[in-house]
Amino acid sequence: MPSTKQATKRLAKSSITRFRQQLETRRQEILNLYEHDLEVGKGSEDIEADDLVDRANDAYNREFMLSFSGGERERLREIEAALERLDDGSYGFCQPCGINIPQVRLKAVPWARYCIDCQERDEQGLLVDVD
Ligand SMILES: [Zn+2]
């Protein structure tokens, strides 16, 4: 185990702001994708506008998630979780081992929860998820 003393420092405010913007932009892209799918889907149904509003209200949350592909849904969940970590100050730390996730990795994958080592262990099924 290498020393983690200097590795566990908080991200600069400017970095946090940048990552938050990236995450929110990415989230909006996924949501826009969903809105587009919904518009396409509407055209195929011949129902009254009022019915559509009622149905949308009833089923909105369920359909909202079901309409995503598995990958988009998972990505959105990861982005939401990353935004929560930005709020509670745990963003940028690898959850299992507690070290800083390298900024170069966060720039490529702003919703990353793990450092490279833990990510590899997770993909091999060796990591116990603490959530
Ligand atoms: Zn780690």
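Higher on the page you've got the structure.
S.K.: Can you help me understand the overall build of the chain in this one?
M.R.: When helices and strands are tallied, the chain shows five helices and zero strands. In sequence order, the chain lays out its α and β elements as α-α-α-α-α. Within the chain, the fraction of its 131 residues that count as buried is 25%. Put simply, 60% of the contacts in the chain that link residues at least 6 apart link residues at least 24 apart. Accessible surface, the chain: about 9100 Å² in total, of which carbon and sulfur atoms supply 49%.

S.K.: Which parts of the structure should I look at to understand the pattern of salt bridges?
M.R.: Side-chain pairs of opposite charge can arise where the charged atoms are in close proximity. Tallied over the full model, the rule gives five salt bridges. R26 serves as the salt-bridge partner of E29, at 3.2 Å between the closest nitrogen and oxygen. Separated by three residues within a single helix, E29 and R26 lie in helix α1 (residues 13-42), roughly one turn from each other. The class of E29 is partly exposed, set by a relative accessible area of 41%. For E74, the salt bridge goes to R77, with nearest N and O atoms at 3.2 Å. One end of the pair is E74 and the other is R77, both in helix α3 (residues 70-88) and three residues apart, which spans about a single turn.

S.K.: Would you mind going over the coordination of the zinc ion with me for this structure?
M.R.: Six octahedral donors around a metal ideally sit at 90 or 180 degrees from one another, while four tetrahedral donors ideally sit at 109.5 degrees. The protein atoms that coordinate the zinc ion are C94 (SG), C97 (SG), C115 (SG) and C118 (SG), at distances of 2.2 to 2.3 Å. Between the four donor atoms coordinating the zinc ion, the angles at the centre fall across 100 to 115°, so the site counts as tetrahedral. The sequence motif formed by the donor residues of the zinc ion is C-x2-C-x17-C-x2-C.

S.K.: Is there a simple way to think about the nonpolar core in this case?
M.R.: Proteins that are soluble and globular tend to have nonpolar side chains buried together. Counting 20 residues, the largest nonpolar core has L23, I79, Y91, C94, L106 and C118 as the members making the most contacts within it. The element contributing the most residues to this core is α3, with five residues. Of the residues that make up this core, three or more belong to each of domain 1 (13-91) and domain 2 (92-131). Excluding anything up to four places from it in sequence, Y91 contacts L11, F19, L23, A82, R85, L86, L106 and P110.

S.K.: Before we go on, may I ask you to explain the environment of G98 in this structure?
M.R.: Looking at the element boundaries, G98 is found in the loop between α3 and α4 (103-108). We classify G98 as partly exposed; its relative accessible area is 28%. The spatial distance from the C-alpha of G98 to the C-alpha of Y114 is 9.1 Å, given a sequence separation of 16 residues.

Scoring rules and cut-offs
Residues numbered from 1 in each chain as written. Predicted model: local features only at pLDDT ≥ 70, side-chain atom pairs only at ≥ 80, totals over all residues. Heavy atoms only, no water. Helix = DSSP H or I, 4+ residues; strand = E, 2+ residues; numbered from the N terminus. Buried < 20%, exposed > 50% of the residue type's maximum accessible area, 1.4 Å probe, protein only. Contact = heavy atoms within 4.5 Å. Areas by Shrake-Rupley, 256 points an atom, 1.4 Å probe, with all protein chains shown as cover. Salt bridge = Lys/Arg side-chain N within 4 Å of Asp/Glu carboxyl O. Donors = N, O, S within 2.8 Å, 3.2 Å for Na, K, Ca; no water. Tetrahedral: all angles 85-135°; square planar, octahedral: opposite > 155°, others 65-115°. Core = buried A, V, L, I, M, F, W, Y, C linked by side-chain atoms within 4.5 Å. Domains from an automatic or database assignment.

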